[in-house]
Each structure stands twice: as structure tokens, then as C-alpha cells.
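Here is how the chains run, residue by residue.
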2 protein chains.
Amino acid sequence: MFKVEVIVTLRTSILDPQGKTVEHAMHSLRMNTINNVRVGKVFHCTINTSSYDEAKKSVEEACKKVFTNPVMEDYSYKIEKM
Amino acid sequence: MFKVEVIVTLRTSILDPQGKTVEHAMHSLRMNTINNVRVGKVFHCTINTSSYDEAKKSVEEACKKVFTNPVMEDYSYKIEKM
């Protein structure tokens, strides 16, 4: 059994209006030192297999088919034995 | 200048219908080994200060006031010197 964390972010070349809005809200609250806010998604899940390689294969497949839109988003993941 | 990654997740006691939907979609695609999917948010930003302690204070404030709903969500963060 493995525990997985997948982080999905918009590609850096793509404008992030949600991040801009959050940044603007923070500047309104006088948190002026915070900049370049970008918002992404994080997925936590478990994979029921005993082999690390199989877990990695499942995560790659899930990332490409479900977790991300590969045209607009990048992903990174961490796999940890439970 | 510091680079920050904040991960915001729903508290474990709170039902995550978005995660359930993603999990269901994956099982429909025969990815049956993946379970317990939960979806959260990730914020990347930079903090324009030279002191680590000040950066930490800013992140804590941003987490409590903007990034999370402290009633329903938990957060964790990583601060890295740029």
C-alpha cells in the first residue's frame, strides 16, 4: 500500500486569474510582501499494490487521464510506502 | 526573497464529494487500485523579505486570513530561500 500526493499546477506560461485574485485580496489586507500567487490542485490517494513500480505506473496513468489536463497543466508527485 | 508552497486540504472528518467523484471516475476507467482520493488546493507564492521569521509570519497570516477556511480546512507549508 502506498500513499500518494500529486500536485497539479497551471503551466507557467498560462495566466492564472484565480491566483491574481487571491494576490489582490491579500494586497487589500496589507499583506504586500506576498507576490506571484498561483493556485493549483493537490490530490491525496492510496494505491493498493505491493510494488513501487506498479504504484508509479498507476500514478502516471491517473495523472495523464484524470488528475490533469496535460495541455495546460504540469504535475509532480510523491509516493510513500505506508 | 522566499518561495512558499502552501497545501490546503479538507479536514479528514469532512466528506469530500469532489474526491469521491474523481475516485469513481478512475474506477470506471479500470484504475481500481487507487482509493481514498481527496482533493485540496495548493498555493505557490513568493515573499519579498530577507528574514525567514518574517516570511513565516506572513505565510501564517495569509493561511489564516486568505488561503484557508480554518473551520473546515487544514494547511501545511514549505518555505524555501530563493
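Up top is the structure.
Residues numbered from 1 in each chain as written. Chains lettered and ligands numbered in written order. Predicted model: local features only at pLDDT ≥ 70, side-chain atom pairs only at ≥ 80, totals over all residues. Heavy atoms only, no water.

Caption draft 1: The arrangement of the side chain of A:Glu23 in detail. Residue and element names in this part refer to chain A. Checked against the element boundaries, Glu 23 lands in helix α1 (residues 17-28). Among the polar contacts listed, one links the side chain of Glu 23 to the backbone nitrogen of Asn 36, at a separation of 3.2 Å. If we ignore the near neighbours within four places in the chain, the residues touching Glu 23 are Ile 34, Asn 35, Asn 36 and Val 37. (Helix = DSSP H or I, 4+ residues; strand = E, 2+ residues; numbered from the N terminus. Polar contact = N/O pair within 3.5 Å; in protein donor to acceptor, adjacent residues only side chain to side chain. Contact = heavy atoms within 4.5 Å.)

Caption draft 2: Broad picture of the side chain of A:Ser58. Examined against the element boundaries, A:Ser58 turns out to sit in helix α2 (residues 52-67). Other than its neighbours up to four places away in sequence, A:Ser58 contacts A:Ile47, B:Thr33 and B:Ile34.

Caption draft 3: Local environment of the sheet that holds strand β2 (residues 34-47) of chain B. Taken in spatial order, the 6 strands of this open sheet run β3(A)-β1(A)-β2(A)-β2(B)-β1(B)-β3(B), and their pairing is antiparallel. The open sheet has two free edges, formed respectively by β3 (73-81) of chain A together with β3 (73-81) of chain B, since each of these has just one partner strand. For this sheet, the mean angle separating the axes of adjacent strands, direction not counted, is 20 degrees. Both strand β1 (residues 2-10) of chain B and β3(B) contribute to a ladder of 9 bridges, which runs antiparallel. Looking across to β3(B), one finds that B:Val8 is bridged to B:Tyr75. Relative to the sheet, α1(A) contacts β2 (34-47) of chain A together with β2 of chain B, its axis offset from that of β2(A) by approximately 125 degrees. (Pairing = 2+ DSSP bridges. Axes fitted to C-alpha atoms, helices over the stretch in contact; angles between N-to-C directions.)

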